[in-house]
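# Structural overview
For reference, the chains in residue letters:
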Amino acid sequence: MQKLVSAIDTTSPEFKEKKEKFLKIFQEYKEILRQVQQGGSEAALKKHISRGKLLARKRINLLVDPDTPFLELSSMAAYGQYDNQFPAAGIVTGIGVIHGRETMIVANDATVKGGTYIAETIKKHIRAQEIAMQNRLPCVYLVDSGGIFLPEQARVFPDKFDFGRIFYNQARLSAEGIAQISIVMGSCTAGGAYVPAMSDENIIVKKQGTIFIGGPPLVKTATGEEVTAEELGGADIHTSISGVSDHFAGNDEHSLQICRSIFESIPFPDRQKLDIGVIEEPDYDPEELYGIAPVDLKQPLDSREIIMRIVDGSKFHEFKTRYAPTLVTGFARILGFPVGILANNGVLFSETALKGTHFIELCIHRKTPIIFLQNITGFIVGKQYERQGIARDGAKLVHAVANATVPIFSVIFGGSFGAGNYAMAGRAYEPRLLFMWPNARISVMGGDQAADVLVTIKKDQYIASKKEVPDEELVQLKKSILKKYDFESSAYYSTSRLWDDGIIDPVDTRKILALGISMSLNRKFSDPKFGVFRM
Ligand code: COA
């Protein structure tokens, strides 16, 4: 493979200026991350700890193998919504290693409104289960939740992907032979009672864990019966009388040990084999990405500059270098794993789409995972291109992405606009993982274009009705659209709503992609299967 050579002078004033701009965004991101990872209010944290309970992230630390990474997902879910009363949407999800097994861990954070579920909590929980299903990861649920956040019930209770979906998914995961273990470390009320009840095995913590379909206040209202939570559904009752739980733990630490010991009897899956090479660090320092990450999306950027700071030895076997240059395609290795990479270098044309489709076919036939590096303004528009059949060729690329039978991973390092988002494996195309850099932006089109389109439509309406065009109104319209798009296209807006799996430090991109590929090997890749390509 050839070594990529950088054309960027990292000592130049332009580089330094770009880096400074990026670092400003990056510091803000790190500060928000620090805040959300603290969990609930100080009072709630104090109350939780005074009960002898460990915090959600500490529980996870004790559950996973020492000195192994934990890839936390969507840490900023719900950020900027609900007056920021739900840090991380009150739930911690991520991939960790237990007895050498990559595992999906879902932990309620009881310091955030009693660990109750708003729409984003449910979305995060369901996304974790989806990743577990796609990659055959066993699941551990660390349950400590009051169930649905009742004021939000109309947005979270009955629909297809609402609260009930969690238990539906548990049944489907179980039928697929994917192990699920619950530890009841706090409340497990109403529908939430099904989390442990539908798990293969569950552990309940003494004088701390409770499981019941209706809590004491509800029982009193319904039947008049007065009963304590412990009598109704505590650890003692469930491990000795009801049989709802399987293991009795003295405290949090003990319960986590029992869970680890259960993992010793969960068999390893038959993993997909890949030709794994020797790991090499990139020739270029990944920290240089801080000065390369596109803060100003209007400035062109050669995506090879990103690739050479992510892949092993900065080595890249490029495919069709001279053809359709606005899409860079080629093979490389990331921490030894073979990958095919598609990275944007400008607008998508007909030939770009054909090149991308051909390359995806290569990856699929070679059973090589695919990485999409997105910085895309969209498909080319105009009479000439429509006549050439840009819609037909773009459709081929979308087909290939949607039917990819190897794991695909997406990183949005710049912009992600319009149908370019679809063609480059946006969320709807089920990449196994999708991350954004803090500077990234995502929307149906850029703010400028959206404002121009809407102003043109308005202007045409006035002209059609033979009215005078009110220039000032159009100026205000443009301003308001620009403001709206600026706000709604930020990485924070996206991640808050789980359009992605989280915002990441560009330097971690390499490590995170490798973790993702390793995780994906737990399910064997299927054979190629495509639909009808319009020729
Ligand atoms: N919906 C909305 N808010 C809830 C809630 C629910 N289901 N359960 C708890 N909360 C809120 C509380 O109002 C409180 O909010 P605040 O911090 O703004 O005052 C916060 O969560 C913590 O609750 P609190 O009762 O003070 O904490 P706790 O640790 O002593 O008890 C629970 C936590 C979950 C055991 C307890 O609140 C409870 O039993 N909740 C009701 C559970 C239920 O019936 N759920 C059915 C849903 S289907």
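What you see is a predicted model; the values in this text were computed from it and never measured.

### What to know about the overall build of the protein
Scanning the protein for helices and strands turns up 20 helices and 16 strands. At 25 Å, the protein has a C-alpha radius of gyration in line with the 24 Å of a compact globule built from 535 residues. Along the longest, intermediate and shortest principal axes, the C-alpha atoms of the protein span 75 × 65 × 50 Å. Across the 535 residues of the protein, 55% fall into the buried class. Roughly 24,000 Å² of accessible area belongs to the protein as shown, and the carbon and sulfur atoms make up 54% of that amount. Side-chain charges of the protein comprise 63 positive and 63 negative groups, with the mean position of each set lying 4 Å from the other.

### Notes on the domain arrangement of the protein
Splitting the protein by domain gives domain 1 (37-263), domain 2 (286-446 + 490-520) and domain 3 (447-488). Computed from C-alpha atoms alone, the centre-to-centre distance between domain 1 and domain 2 is 35 Å. Contacts between the two partners involve 20 residues from domain 1, matched on the other side by 21 residues from domain 2. In terms of surface lost to domain 2, no three residues of domain 1 exceed L71, R127 and N135, which account for 29% of the buried area on that side. One salt bridge in this structure joins D501 and R127, with 2.8 Å as the shortest N-O distance. In this assembly, domain 1 and domain 2 are joined by 12 residue pairs in polar contact (both at pLDDT 80 or more).

### Examining empty space enclosed by the protein
Using the criterion set out here, one finds one cavity of 30 Å³ or more in the structure. Its volume calculated, the largest cavity comes out at about 60 Å³. Taken together, 13 residues form the lining of the largest cavity, with Y117, V143, S145, F163 and G192 sitting closest to its centre. Among the elements of the structure, β5 (139-145) and β6 (180-189) are those that each provide at least two residues to the lining of the largest cavity. For the lining of the largest cavity, the leading source of residues is β6, giving three residues. Within the lining of the largest cavity, the residues separate by chemical class into six nonpolar, seven polar and no charged.

### Comments concerning unusual backbone geometry
Although it is not a glycine, N84 sits at a positive phi angle of roughly 55°. Looking at N84, the relative accessible area reads 41%, which means it is partly exposed. Positioned with a positive phi, R136 is a non-glycine residue whose angle comes to about 50°.

### Some details on the pairing of strand β10 (residues 315-319)
Examined bridge by bridge, strand β1 (residues 2-3) and β10 share two bridges and lie antiparallel to one another. Bridge assignment links K3 to a residue of β10, and that residue is K315.

### So, the nonpolar core
Counting 111 residues, the largest nonpolar core has M104 and I341 as the members making the most contacts within it. Here the element with the most residues in this core is helix α1 (residues 13-37); it accounts for seven residues. Taken domain by domain, the makeup of this core includes at least three residues from each of domain 1 (37-263) and domain 2 (286-446 + 490-520). If we ignore the near neighbours within four places in the chain, the residues touching I341 are I307, V311, F316, V328, T329, G330, A332, F359, I371 and L373. I181, I258, C259 and I262 belong to the second largest nonpolar core, which has 24 residues in total.

### A word on the site of the ligand
Looking at the ligand, there are 13 residues lining it, with R51, K113, G146, I148 and L150 nearest. Between the ligand and G114 there is a distance of 3.4 Å, counted from an oxygen atom to a backbone nitrogen or oxygen. Within the backbone of G146, one N or O atom sits 2.7 Å away from a nitrogen atom of the ligand. With the chains in place, 53% of the 870 Å² that the ligand exposes on its own is no longer accessible. Partitioning the shell around the ligand into residue classes produces five nonpolar, five polar and three charged.

### Re the pairing of strand β3 (residues 91-98)
For β3, a buried count of eight out of eight residues is recorded, marking the element as mostly surrounded by other parts of the structure. Every second residue of β3 is oriented toward a common face, with I91, T93, I95 and V97 on one face and V92, G94, G96 and I98 on the other, all of them buried. Strand direction decides the pairing type here: strand β2 (residues 71-73) and β3, joined by three bridges, are antiparallel. Across the sheet, the residue bridging to E72 is G94, located in β3. Note that β3 and strand β4 (residues 101-108) share eight bridges and pair antiparallel. Residue I95 lies in a different strand from β4, and its bridge partner there is M104. Where β3 hands over to β4, the hairpin turn is made up of two residues, of which H99 adopts a positive phi near 50°.

### Concerning the pattern of salt bridges
Enumeration over the complete set of coordinates arrives at 33 salt bridges. Across the salt bridge formed by E152 and R155, the nearest N and O atoms sit 2.8 Å from each other. Assessed through its relative accessible area of 45%, R155 is described here as partly exposed. Between R510 and E281 there is a salt bridge, and its shortest N-O distance comes to 3.8 Å.

### Re the side chain of N344
Summarising the element assignment, N344 is placed in strand β12 (residues 337-344). For N344, a relative accessible area of 0% translates into the label buried. Within polar-contact distance, the side chain of N344 engages the backbone nitrogen of N375 at 2.9 Å. With sequence-adjacent residues up to four places away left out, N344 is seen in contact with S303, T326, L327, L373, Q374, N375, I376 and M424.

### Things to note about helix α17 (residues 447-464)
Taking 1.5 Å as the rise per residue, α17 with 18 residues should run 26 Å; its terminal C-alpha atoms sit 26 Å apart, in good agreement. Within the sequence span of α17, burial applies to G447, A450, A451, V455 and Y462. Around the axis of α17, the buried residues are gathered within 125° of arc, so they sit on the same side. Looking at the buried positions of α17, the neighbouring elements they touch are α18 (471-488). Positioned one or two residues after α17, K466 has a phi angle of 55°, which is positive.

Criteria and cut-off values
- Residues numbered from 1 in each chain as written.
- Predicted model: local features only at pLDDT ≥ 70, side-chain atom pairs only at ≥ 80, totals over all residues.
- Heavy atoms only, no water.
- Helix = DSSP H or I, 4+ residues; strand = E, 2+ residues; numbered from the N terminus.
- Rg over C-alpha atoms; globule rule 2.2 N^0.38 Å.
- Buried < 20%, exposed > 50% of the residue type's maximum accessible area, 1.4 Å probe, protein only.
- Areas by Shrake-Rupley, 256 points an atom, 1.4 Å probe, with all protein chains shown as cover.
- Lys, Arg positive; Asp, Glu negative; His and termini not counted.
- Charge placed at Lys NZ, Arg CZ, Asp CG, Glu CD.
- Domains from an automatic or database assignment.
- Contact = heavy atoms within 4.5 Å.
- Buried area = accessible area lost by both parts, 1.4 Å probe.
- Salt bridge = Lys/Arg side-chain N within 4 Å of Asp/Glu carboxyl O.
- Polar contact = N/O pair within 3.5 Å; in protein donor to acceptor, adjacent residues only side chain to side chain.
- 1 Å grid on protein atoms, 1.4 Å probe; cavity = no way out; pocket = protein on both sides within 12 Å on 5 of 7 lines; lining within 4 Å.
- Points joined across faces, edges and corners; volume = space filled by probe spheres on them.
- Nonpolar A, V, L, I, M, F, W, Y, C, P; charged D, E, K, R; others polar.
- Pairing = 2+ DSSP bridges.
- Core = buried A, V, L, I, M, F, W, Y, C linked by side-chain atoms within 4.5 Å.
- Near = heavy atom within 4 Å.
- Expected span 1.5 Å × (residues − 1).
- Arc of directions from axis to C-beta.

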